[in-house]
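Chain by chain, the residues run as shown.
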Amino acid sequence: MAKFIGYQCSICGKEYEPGEVTYTCPEDNGNLDVILDYQELKNKTTAELINKNESSLWRYFPLLPVSDLIGEGTTIRSAGWTPTFSPPQLKKELGVNQLWIKDESSNPTASFKDRASAILVARAKEIGAEVIVTASTGNAGAALAGMAAAVEQDSVIFAPETAPPAKIAQLLIYGAQVILVNDNYDAAYKLSLEATEEFGWYNRNTGYNPFTAEGKKTAAYEIWEQVLLSNQLDRPLCVFVSVGDGNIISGIHKGFKDLYKIGQIKQMPRIFGCQSTGSAAIYNAYKSGKEEIIAVSADTLADSISVNLPSDGLRALRAATQTDGAYIVVEDQAILTAIADLGKVGIFAEPAGATSLAGLKQALQDGLVGEDDPILVLNTGSGLKDVKAAMQAAGEAPVISPVLGEVKKLIRS
Ligand SMILES: *Cc1c(COP(=O)(O)O)cnc(C)c1O
Ligand SMILES: [Zn+2]
């Protein structure tokens, strides 16, 4: 029983057999959607689609386009199934009645990217790929390096040398071959494609390999299980996602589309993409009303969403336009404030992770959503990976001599 029956191009609509293509559409380089056997899946009950014994994204194995469950006893089997919180203080502060924060920092390598890399590594095993390569701003590389290490797979990572040091350290510790490029992410991306061609590696690049979105869609399945199945919502759920290349948001859209097609949800959630004003290529397209993504010269402290030309821009745009969502931009200062807001409820986010909350605040201000809309905000990554930005968000701590009088002075002020 094959669950994965082919691909469809997001630009020309052309369909391909599973063995016919590996990355993008040969006609127009469009991103490919993985097609599952929806007819077969329609006959399954909710209980048959979820293996509740598996506390990871692998609980949705019947909906995943791989044939083997790999990595028993390793960290690859703890990717996903992240917690969802509803902090009362934050609800009150924002003035919304129903709010969930899904915290991806609890993934094994501390970002959302583990979802994609777990599936990618499983796919690589299936097709017998020996070396997996990716370009990364840090998290995708760490996720690949970590998941690959778990199952003794070799990985090569191209990253900008300006990536936060904690992320680079992570790559090295997981034992990947790390290559730092003295240029930006877009340049590392291009170079990784040339190396893939030259050395015959298997490429994980975001917005290039169709399987990354298949991993990322599992967040939508978890939102379905954690929020939609256990609450009677009388309005569509509004999901806020930070966007760089646009693969997380398109993966989440794909996940909800899968569920809709097989009759597991009756109403699509509304999806809101959040970008920094310094890296707003998809927002710009959204505002222009056209499906044309024009490169920007990215400059934002949110390194994980700093992208000149998004590699999954078209599908990312449609995630909002096809679900009655929207795109929102926020200043870097608002991102720093959102890091502090999350910190106050015990969640430590990196800048890109907090961009979704900054986006929600902006959307509330602009009236795109209101107090009665049920809202879910995704924190995509851990603040421990970018301590410099965290210090900017938090400010300085006072330094005193170790005498009680000094403490008293401080406490009084
Ligand atoms: C990669 C990443 C994003 C953005 O995902 P895209 O697929 O590039 O849009 C957001 N937040 C974090 C922490 C990331 O690592
Ligand atoms: Zn095409």
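Calculation rules
- Residues numbered from 1 in each chain as written.
- Chains lettered and ligands numbered in written order.
- Predicted model: local features only at pLDDT ≥ 70, side-chain atom pairs only at ≥ 80, totals over all residues.
- Heavy atoms only, no water.
- Near = heavy atom within 4 Å.
- Polar contact = N/O pair within 3.5 Å; in protein donor to acceptor, adjacent residues only side chain to side chain.
- Areas by Shrake-Rupley, 256 points an atom, 1.4 Å probe, with all protein chains shown as cover.
- Nonpolar A, V, L, I, M, F, W, Y, C, P; charged D, E, K, R; others polar.
- Donors = N, O, S within 2.8 Å, 3.2 Å for Na, K, Ca; no water.
- Helix = DSSP H or I, 4+ residues; strand = E, 2+ residues; numbered from the N terminus.
- Buried < 20%, exposed > 50% of the residue type's maximum accessible area, 1.4 Å probe, protein only.
- Pairing = 2+ DSSP bridges.
- Salt bridge = Lys/Arg side-chain N within 4 Å of Asp/Glu carboxyl O.

Novice: Where do I start with the site of ligand 1 in this structure?
Specialist: Ligand 1 sits among 16 residues. The nearest are K113, N139, G244, G246 and T380. Here an oxygen atom of ligand 1 and a side-chain polar atom of N139 are 2.8 Å apart. Separating an oxygen atom of ligand 1 from a backbone N or O atom of N247 is a distance of 2.9 Å. In the complex, the protein chains occlude 98% of the 380 Å² of accessible area that ligand 1 would expose alone. Partitioned by chemical class, the residues of the shell around ligand 1 number 4 nonpolar, 8 polar and 4 charged.

Novice: In this structure, what is going on with the coordination of the zinc ion (ligand 2)? I would like to understand it.
Specialist: Ligation of the zinc ion (ligand 2) by protein atoms is provided by C9 (SG), C12 (SG), C25 (SG), D28 (OD) and D28 (OD), these donors lying 2.3 to 2.4 Å from the ion. Considered as a linear motif, the donors of the zinc ion (ligand 2) on their single chain read C-x2-C-x12-C-x2-D. Placement of the pair is C9 in strand β1 (residues 4-9) and C25 in the loop between β2 (15-16) and β3 (32-36), with a sequence separation of 16 residues. Comparing C9 with C25 shows no difference in burial state: the two are buried.

Novice: Can you walk me through the sheet that holds strand β12 (residues 326-330) in this structure?
Specialist: One key point about sheets: their strands pair by backbone hydrogen bonds, in either a parallel or an antiparallel sense. In spatial order, the strands read β4-β5-β13-β10-β11-β12; together these 6 strands make up an open sheet with mixed pairing. The outermost strands of the open sheet, each flanked by one partner alone, are β4 (84-85) and β12. As defined by bridge partners, strand β5 (residues 99-103) adjoins strand β13 (residues 375-379) across 5 bridges and the pair is classed as parallel. Bridge pairing in β13 links K102 to L378.

Novice: Even after reading the chapter, I still don't get the environment of G263, so can you show me in this structure?
Specialist: Looking at the element boundaries, G263 is found in the loop between α10 (247-261) and β11 (270-276). A C-alpha to C-alpha distance of 6.6 Å links G263 and K42, two positions 221 residues apart in sequence.

Novice: Looking at this structure, I do not really get the pattern of salt bridges. What am I missing?
Specialist: If the charged atoms of two oppositely charged side chains come close together, the side chains can form a pair. Under the counting rule described, the total for this entry stands at 23 salt bridges. Put simply, K361 and D341 hold a salt bridge, and the shortest N to O gap is 2.5 Å. With a gap of 20 residues between them, K361 in helix α14 (residues 351-366) and D341 in helix α13 (residues 332-343) connect regions that are remote in the sequence. Since its relative accessible area comes to 8%, D341 is described here as buried. Connected through salt bridges with shared partners, the residues K102, E104, R115 and E222 form a single ionic network.

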